[in-house]
Amino acid sequence: MPGATTACLPPTLAANLLAAAARRGAEVRGIELNPRQAEAARANLEAVKVAGEVDVRDMFTAPSEADVVYAYLTPVTLSLMRAGLSRARAGTRIITPRY
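Everything numeric in this text was worked out from a predicted model, so none of it was measured.

Participant: Looking at this structure, I do not really get the nonpolar core. What am I missing?
Facilitator: Soluble globular proteins tend to bury their nonpolar side chains together. By size, the foremost hydrophobic cluster in this structure holds nine residues: L18, A21, A26, V28, A38, A41, L45, V50 and V54. Looking at which element gives the most residues to this core, the answer is helix α2 (residues 35-47), with three residues. One finds A66, V69, A71 and L73 within the second-largest nonpolar core, a separate group that totals seven residues.

See below:
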């Protein structure tokens, strides 16, 4: 969706998200705790020419200002994020592949 902001947790695993963002003109915001993984995610953004940034921070405490949250996480980890995700604005889509 043009103009949408998509959050990705963790950002290095989401090649399909980057491809979708590139096709739709969305901005991507990644959240990654590991600085080396964050750098790899930034390289992925640059490689596919997608606008966005990757923050080095704890995903459990990061604010959710996205229109779409793409979380490739286990059900246990997602349940730990429930409180943070519940603060997302109304209409935010949460995508969790495979779970």
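From this point on, the discussion continues.
Participant: I'm lost on α2 in this one. Help?
Facilitator: Since one α-helical turn is 3.6 residues long, residues separated by three or four positions face the same way. Helix length check: α2 (13 residues) gives 18 Å between terminal C-alpha atoms against 18 Å at 1.5 Å per residue, within 8%. Among all positions in α2, only A38, A41 and L45 are buried. The buried residues of α2 occupy an angular sector of 60 degrees when projected down its axis, which confines them to one face. Set apart from the buried face of α2 by more than 90 degrees, the exposed residues are R36, E46 and A47. At the N-terminal boundary of α2, the capping side chain belongs to N34, with an oxygen 2.7 Å from the backbone nitrogen of R36. After α2 finishes, the residue K49 shows a positive phi value of roughly 55 degrees.

Participant: What exactly am I supposed to notice about helix α1 (residues 15-24) here?
Facilitator: When we look at burial in α1, the residues that qualify are L17, L18 and A21. All buried residues of α1 project into a common sector of 100 degrees when viewed along the axis, lining one side. α1 presents A15 and R23 as exposed residues on the side facing more than 90 degrees away from its buried surface. Phi turns positive one or two residues past the end of α1, at G25, with a value near 75 degrees.

Participant: What is the right way to look at the confidence of the model for the chain in this model?
Facilitator: For any part of a model where pLDDT is low, the fine detail of the predicted coordinates should not be relied upon. Mean pLDDT over the chain: 80, with 85% of residues reaching 70 or higher. Ranking the helices and strands of the chain by mean pLDDT puts α2 first, with 88, and strand β1 (residues 5-9) last, with 57.

Thresholds, definitions, all that
- Residues numbered from 1 in each chain as written.
- Predicted model: local features only at pLDDT ≥ 70, side-chain atom pairs only at ≥ 80, totals over all residues.
- Heavy atoms only, no water.
- Core = buried A, V, L, I, M, F, W, Y, C linked by side-chain atoms within 4.5 Å.
- Buried < 20%, exposed > 50% of the residue type's maximum accessible area, 1.4 Å probe, protein only.
- Helix = DSSP H or I, 4+ residues; strand = E, 2+ residues; numbered from the N terminus.
- Expected span 1.5 Å × (residues − 1).
- Arc of directions from axis to C-beta.
- Polar contact = N/O pair within 3.5 Å; in protein donor to acceptor, adjacent residues only side chain to side chain.
- pLDDT = per-residue confidence, 0-100.

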